[in-house]
Each structure stands twice: as structure tokens, then as C-alpha cells.
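Architecture at a glance
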Amino acid sequence: MCLLLVAALPFSADDTDTTESTITLQSGGLVFSSVPCMDFGTQTISSSNMSFSPADTTPYTVVVSDLRGSPTGWNVTAQLGQFNGAANSLPAADISISGGTVTGDDVSGVVAVSNITLSAGGTAQRVFYAPSGAGANQSTLTWPLANVKLNIPAGPGVTTGTHTANIAWTLTDGPGT
């Protein structure tokens with residue numbers, strides 16, 4: 001016959017251990033989340049100066065994501081390239097933009113330039129900027145379609161066919177002033 005002896009050990013519910021939880025966050029960067037591609041549709045040539053609204057159905061937006069962890073400010077510029085298609089394609093055309101609104105997470109101090117003219121083959125124009133301490137996370141500049149126009153003066157260079165120009169959107173680090 002076997003005999004089993006069991007001894008009772010004292011139980012304590014007051015035992016506590018402490019552990020540590022850590023995380024290292026790296027900069028998420030300063031990037032565009034969205035820039036507009038502008039489509040002015042199919043239009044008819046006129047003998048007078050022409051101004052066309054976009055054929056798109058949703059407002060144009062520029063979205064900046066500043067996920068660096070310490071907002072030091074940023075600047076957005078746009079530069080319209082020369083239209084191509086036919087020879088001397090729309091040499092004096094421009095895109096005029098006005099009345100943008102800014103929304104986002106930390107937009108106190110973020111500025112949308114009120115009137116912008118992007119001339120074909122011209123220099124870059126400031127569009128949107130954040131001073132130091134503003135513009136963290138996501139900032140969105142929205143232009144109603146009625147506030148965007150492609151302007152084409154009558155005269156030489158206005159030819160039939162599809163005319164295309166690139167818009168170079170540039171986002172740079174540094175406080176906008």
C-alpha cells in the first residue's frame with residue numbers, strides 16, 4: 001500500500017511584479033498625400049480670350065502630411081510647365097486659382113495663398129504654407145472648381161488638338177512666412 005502525503009503551502013494574493021513597456025518612434029516624414037490633376041475637358045476655340053473651368057466634379061485638394069513629430073513648418077509651391085501638343089502650344093496660357101480653404105489637425109497659422117497665377121513655362125508660385133509649430137499631421141487645402149480657371153489668350157499658338165502641361169508640386173521643409 002502506498003501512502004501519499006500532501007503538505008499545504010501558504011498562498012499569497014498580494015504578489016506584484018512590474019514590467020516596462022517601450023517604443024521608439026521614428027519620423028514619419030513630410031510628404032504629399034494628394035495633389036490635383038487638372039482636367040479642363042474639350043472646349044471650342046474662340047476668336048477672343050478664353051477662360052475655362054475644370055471638367056472635374058470634385059474640388060481640387062492639396063494634402064500635406066507632416067508626421068515628423070516636431071512641426072518646423074513647410075512650404076508648397078506649384079509650377080506650370082509649357083503646354084505641348086502642337087508647335088508653340090498655348091504659349092501664353094495660365095491657370096488662375098483663388099479662394100482656397102484650409103482644414104486639418106493643426107491648421108492654426110497655416111496659410112493658403114489667396115490668388116495664384118501659374119503661367120505656362122513660368123516660375124514656381126507659393127500655394128500653401130505652415131509656420132514653425134503649425135501644420136502637424138494632415139493639412140488640406142481645398143479649391144472649389146469655380147475658383148480654378150484655364151485662361152488662354154486669343155491669337156497665335158491656339159491650335160486644335162490635345163494640349164498637356166505638367167504641374168510640378170514641391171513641398172519643402174522650413175517655416176513658411
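The notes below deal with the structure included here. Here the structure is a predicted model, which means the values were calculated and not measured.

As summarised here, the arrangement of the four strands in space is E2-E11-E5-E8, forming an open sheet in which the pairing is antiparallel. With one partner strand each, in any of the chains shown, strand E2 (50–52) and strand E8 (115–119) form the two edges of the open sheet. Across the sheet, the mean angle from the axis of one strand to that of its neighbour is 20°, orientation sign disregarded. As defined by bridge partners, strand E5 (residues 94–98) adjoins E8 across five bridges and the pair is classed as antiparallel. Considered in E8, the bridge of Ser96 is made with Thr117.

Turning next to unusual backbone geometry. The residue Asn137 is not glycine, and still its phi comes out positive at about 65°. Tracing the chain through its elements places Asn137 in strand E10 (residues 137–143).

Moving on, we get to the nonpolar core. Of all hydrophobic cores here, the largest spans 34 residues; its most connected members are Trp74, Val76, Ile95, Val127, Phe128 and Trp143. Here this core gets four residues from one element, more than from any other, and that element is strand E4 (residues 74–80). Residue contacts for Ile95: discarding those within four places in its chain leaves Met38, Phe40, Leu80, Ile116, Thr117, Leu118, Val148, Lys149, Leu150 and Ile167.

A word on the packing of aromatic side chains. Tallying each qualifying case throughout the model produces two aromatic pairs. Each ring, one from Trp74 and one from Phe128, has its centre 4.9 Å from the other, and the planes form 70°; the classification is edge-to-face. Of the two residues, Trp74 sits in strand E4 while Phe128 sits in strand E9 (residues 125–130), which places them 54 residues apart along the sequence. Each member of the pair, Trp74 as well as Phe128, is classed as buried. The cationic tip of Arg126 hangs over the ring face of Tyr129; the distance from NZ or CZ to the ring centre is 4.1 Å.

Scoring rules and cut-offs
- Residues numbered from 1 in each chain as written.
- Predicted model: local features only at pLDDT ≥ 70, side-chain atom pairs only at ≥ 80, totals over all residues.
- Heavy atoms only, no water.
- Pairing = 2+ DSSP bridges.
- Helix = DSSP H or I, 4+ residues; strand = E, 2+ residues; numbered from the N terminus.
- Axes fitted to C-alpha atoms, helices over the stretch in contact; angles between N-to-C directions.
- Core = buried A, V, L, I, M, F, W, Y, C linked by side-chain atoms within 4.5 Å.
- Buried < 20%, exposed > 50% of the residue type's maximum accessible area, 1.4 Å probe, protein only.
- Contact = heavy atoms within 4.5 Å.
- Phe/Tyr/Trp six-rings, centres within 6.5 Å; stacked < 30°, edge-to-face > 60°.
- Lys NZ or Arg CZ within 6 Å of the ring centre and 35° of its normal.

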